[in-house]
Amino acid sequence: MTTSYALGVLHGDGIGPEIVPAAVAAVDAAALAAGLAPVEWRELPLGLAAIGSHGTAVPESTLEALEAVDAWLLGPHDSAAYPEPHRSLLNPSGTIRKRFDLFANIRPAKAFEGGDAVVPGTDLVIVRENTQGFYADRSTYAGTGEFMPTPDTAIAMGIITRQAVERIAREAFELARTRGKRVTIVHKANVLKLTTGLFKSVCLEVGAAYPDVAVDDFHIDAMTVHLVRRAHEFDVIVTENMFGDILSDLAGELAGSLGIAPSINASDTKAMAQAAHGSAPDIAGRDLANPIAMMLSSAMLLRWLAAKHEDPRALDAGDRLEAGVEAAVREGVSTADMGGSASTTAFTAAVVAAIGRA
Ligand code: IPM
Ligand code: MG
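This text gives an overview of the structure that appears in the document. Keep in mind that what you see is a predicted model, and the values were worked out from it rather than measured.

**Let's talk about the overall build of the chain**
Here's step 1: Within the chain, the regular secondary structure consists of 11 helices and 12 strands.
Here's step 2: Against the 2.2 N^0.38 benchmark of 21 Å for 358 residues, the chain shows a C-alpha radius of gyration of 20 Å, consistent with a compact globule.
Here's step 3: C-alpha extents for the chain along the principal axes are approximately 55 × 50 × 45 Å.
Here's step 4: When the 358 residues of the chain are sorted by exposure, 52% land in the buried category.
Here's step 5: Within the chain, contacts between residues separated by at least 24 positions form 75% of all contacts whose residues are at least 6 apart in sequence.
Here's step 6: A total accessible area of about 14,800 Å² is found for the chain, and carbon and sulfur atoms account for 56% of it.

Below, the structure is given as structure tokens:
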């Protein structure tokens, strides 16, 4: 019997309504090729469109529907452009990560063969703690850790807990075991001695149970230099929320383009595919956007489903999706950000065709 999955689809804003359907088409093609039962897609309102239809960017009905699906695809959002009071609220992606405790933000940066990488050969994964750290807008149970006691004073709290570091460190070490068997801990323990010092020491404690995995660590500032010079030498990088957000943009660009940088946000029971990039409102609606990051995020989601359900067909579908993207690029089809001239739709058609041919 083959498992059949129900997946949520949240288009989001800007280029979201272009790249998310592109990823859906690629998943459908990969599922068909792998003999996986067709995905049951459930489209759910989110973002600017939901403010119009439901009076809020993240309707409660959407969150309830997400409880009932296996996993979902989230497009980028342009929450900085929302009308007040929505702009001042926690952004949609932060809201969803928090609600479902999606503590592991897994962000690979892998240079494409024939792609325009700043550091060719880059093939690393940033394992970003996704629930606390220095992002004070999402790290508290109620209220927020960022506040203004007077109009001229702003305060943000950083939070690191042993429990949260233990679970993200385990993700990193387990992942490293399936790859290059090396974990790099990124922190700033010479300045933020207590918070990032705890992050570093708990990661090292967890790492002691993985004697087959080599460990090293760097301060976040030094790490930016090491990545620019030799990103291809790193394997798995584990770090707190804000450092991981910043480093993953850098790593994505070093590997070729932020437009190809995928991610999933996962707990032990739920996962959300989400490109690492933003909503690119300047090119929205013009059929120019690069759907690769959203497609590769969806491939990661298929692999996450495969591991959770011990489903070799879902694993095969994820591999076929990634291979289809790589084949299209190798054949010289790419969008403008990668130096090509293909539209979003033309690139998507090339990926779907490549998956069908394989
Ligand atoms: C990311 C983004 C988000 C974050 C934004 C869109 C809220 O930068 O996921 O990389 O701050 O985490
Ligand atoms: Mg970011």
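Next comes the rest of the description.
**Regarding the pairing of strand S2 (residues 40-43)**
Here's step 1: As defined by bridge partners, strand S1 (residues 6-10) adjoins S2 across four bridges and the pair is classed as parallel. Bridge pairing in S2 places Gly8 opposite Arg42.
Here's step 2: Traced from S1 through helix H1 (residues 16-34) to S2, the parallel crossover comes out right-handed.

**Re the nonpolar core**
Here's step 1: Counting residues in hydrophobic clusters, the biggest one holds 72 residues, and the most contacted among them are Val238, Met295, Leu321, Val325 and Phe347.
Here's step 2: At 12 residues, the largest contribution of residues to this core is made by helix H9 (residues 292-309).
Here's step 3: With sequence-adjacent residues up to four places away left out, Val325 is seen in contact with Phe112, Ile292, Met295, Leu296, Phe347 and Val351.
Here's step 4: Ranked by size, the runner-up nonpolar core spans 18 residues in total, among them Ala109, Phe134, Phe243 and Leu254.

**Examining the site of ligand 1**
Here's step 1: What surrounds ligand 1 is the set His77, Asn91, Arg97, Arg107, Arg128, Tyr135, Arg138 and Asp245.
Here's step 2: In the model, an oxygen atom of ligand 1 is placed 2.9 Å from a nitrogen or oxygen of the Arg107 side chain.
Here's step 3: At 2.8 Å from an oxygen atom of ligand 1 is found a side-chain nitrogen or oxygen belonging to Arg128.
Here's step 4: In the complex, 75% of the free accessible area of ligand 1, which totals 320 Å², lies under the protein chains.
Here's step 5: Its residues assigned to classes, the shell around ligand 1 shows one nonpolar, two polar and five charged.

**Observations concerning the sheet that holds strand S3 (residues 71-74)**
Here's step 1: The strand order S2-S1-S3-S12-S11-S4-S5-S10-S8-S9 describes an open sheet built from 10 strands, whose pairing is mixed. Two strands in the sheet have a free side with no partner beyond their single neighbour: S2 and strand S9 (214-219). Looking at each pair of strands side by side, their axes are set apart by 25° on average, direction ignored.
Here's step 2: The sheet strands contacting helix H7 (residues 220-230) are strand S5 (123-129), strand S8 (182-187), S9 and strand S10 (236-239), and the helix crosses S9 at an angle near 115°.

**Comments concerning a nonpolar patch on the surface**
Here's step 1: Taken together, the side chains of Phe147, Ile155 and Met157 define a hydrophobic patch exposed on the protein surface, amounting to about 250 Å² of accessible area.
Here's step 2: Along the chain, Phe147 turns up in strand S6 (residues 146-150).

**Quick word on the environment of Gly121**
Here's step 1: When you line up the elements, Gly121 lands in the loop between strand S4 (104-110) and S5.
Here's step 2: Overall, Gly121 belongs to the exposed group, its relative accessible area being 53%.
Here's step 3: When the C-alpha atoms of Gly121 and Glu43 are compared, they prove to be 37 Å apart, with 78 residues separating the residues in sequence.
Here's step 4: With near-sequence residues (within four places) excluded, Gly121 lies in contact with Ala111 and His232.

**Examining the side chain of Asp13**
Here's step 1: Position of Asp13 among the secondary structure elements: in the loop between S1 and H1.
Here's step 2: Despite being buried, Asp13 has no salt bridge partner; Arg87 is the closest side chain of opposite charge, sitting 12 Å away.
Here's step 3: A distance of 2.5 Å separates the side chain of Asp13 from the side chain of Tyr82, its partner in a polar contact.
Here's step 4: Setting aside anything within four residues of it in sequence, one finds Asp13 in contact with Leu46, Gly47, Leu48, Ala49, Pro76, His77, Asp78, Ser79, Tyr82 and Ser279.

**Quick word on H9**
Here's step 1: Spanning 18 residues, H9 covers 26 Å between terminal C-alpha atoms, matching the ideal 26 Å at 1.5 Å per step.
Here's step 2: Trailing H9 by a residue or two, Glu310 shows a phi angle of about 45°, which is positive.

**A look at the pattern of salt bridges**
Here's step 1: A complete count under the given rule lists 23 salt bridges for this structure.
Here's step 2: Arg162 serves as the salt-bridge partner of Glu166, at 3.6 Å between the closest nitrogen and oxygen. With Glu166 and Arg162 both in helix H5 (residues 162-177) and four residues apart, the pair spans about one turn of that helix.
Here's step 3: Its relative accessible area of 25% is what places Glu166 among the partly exposed residues.
Here's step 4: Asp316 is paired through a salt bridge with Arg320; the nearest N and O atoms lie 3.0 Å apart. Placement of both Asp316 and Arg320 in helix H10 (residues 312-330) is noted, with a separation of four residues, approximately one turn of the helix.
Here's step 5: You can call Asp316 partly exposed: its relative accessible area is 28%.

**Thoughts on H7**
Here's step 1: Those residues of H7 not exposed but buried are Ile220, Met223, Leu227 and Arg230. Down the axis of H7, the sector holding all buried residues measures 105°, keeping them to one side.
Here's step 2: Contacts made by the buried residues of H7 are with S5, S8, S9, S10 and helix H8 (241-254).

Rules of the game
- Residues numbered from 1 in each chain as written.
- Chains lettered and ligands numbered in written order.
- Predicted model: local features only at pLDDT ≥ 70, side-chain atom pairs only at ≥ 80, totals over all residues.
- Heavy atoms only, no water.
- Helix = DSSP H or I, 4+ residues; strand = E, 2+ residues; numbered from the N terminus.
- Rg over C-alpha atoms; globule rule 2.2 N^0.38 Å.
- Buried < 20%, exposed > 50% of the residue type's maximum accessible area, 1.4 Å probe, protein only.
- Contact = heavy atoms within 4.5 Å.
- Areas by Shrake-Rupley, 256 points an atom, 1.4 Å probe, with all protein chains shown as cover.
- Pairing = 2+ DSSP bridges.
- Right-handed = clockwise from strand over helix to strand, strands pointing away.
- Core = buried A, V, L, I, M, F, W, Y, C linked by side-chain atoms within 4.5 Å.
- Near = heavy atom within 4 Å.
- Polar contact = N/O pair within 3.5 Å; in protein donor to acceptor, adjacent residues only side chain to side chain.
- Nonpolar A, V, L, I, M, F, W, Y, C, P; charged D, E, K, R; others polar.
- Axes fitted to C-alpha atoms, helices over the stretch in contact; angles between N-to-C directions.
- Patch = residues over 30% accessible without salt bridge, like charges linked within 9 Å, V, L, I, M, F, W, Y side chains within 5 Å.
- Salt bridge = Lys/Arg side-chain N within 4 Å of Asp/Glu carboxyl O.
- Lys, Arg positive; Asp, Glu negative; His and termini not counted.
- Expected span 1.5 Å × (residues − 1).
- Arc of directions from axis to C-beta.

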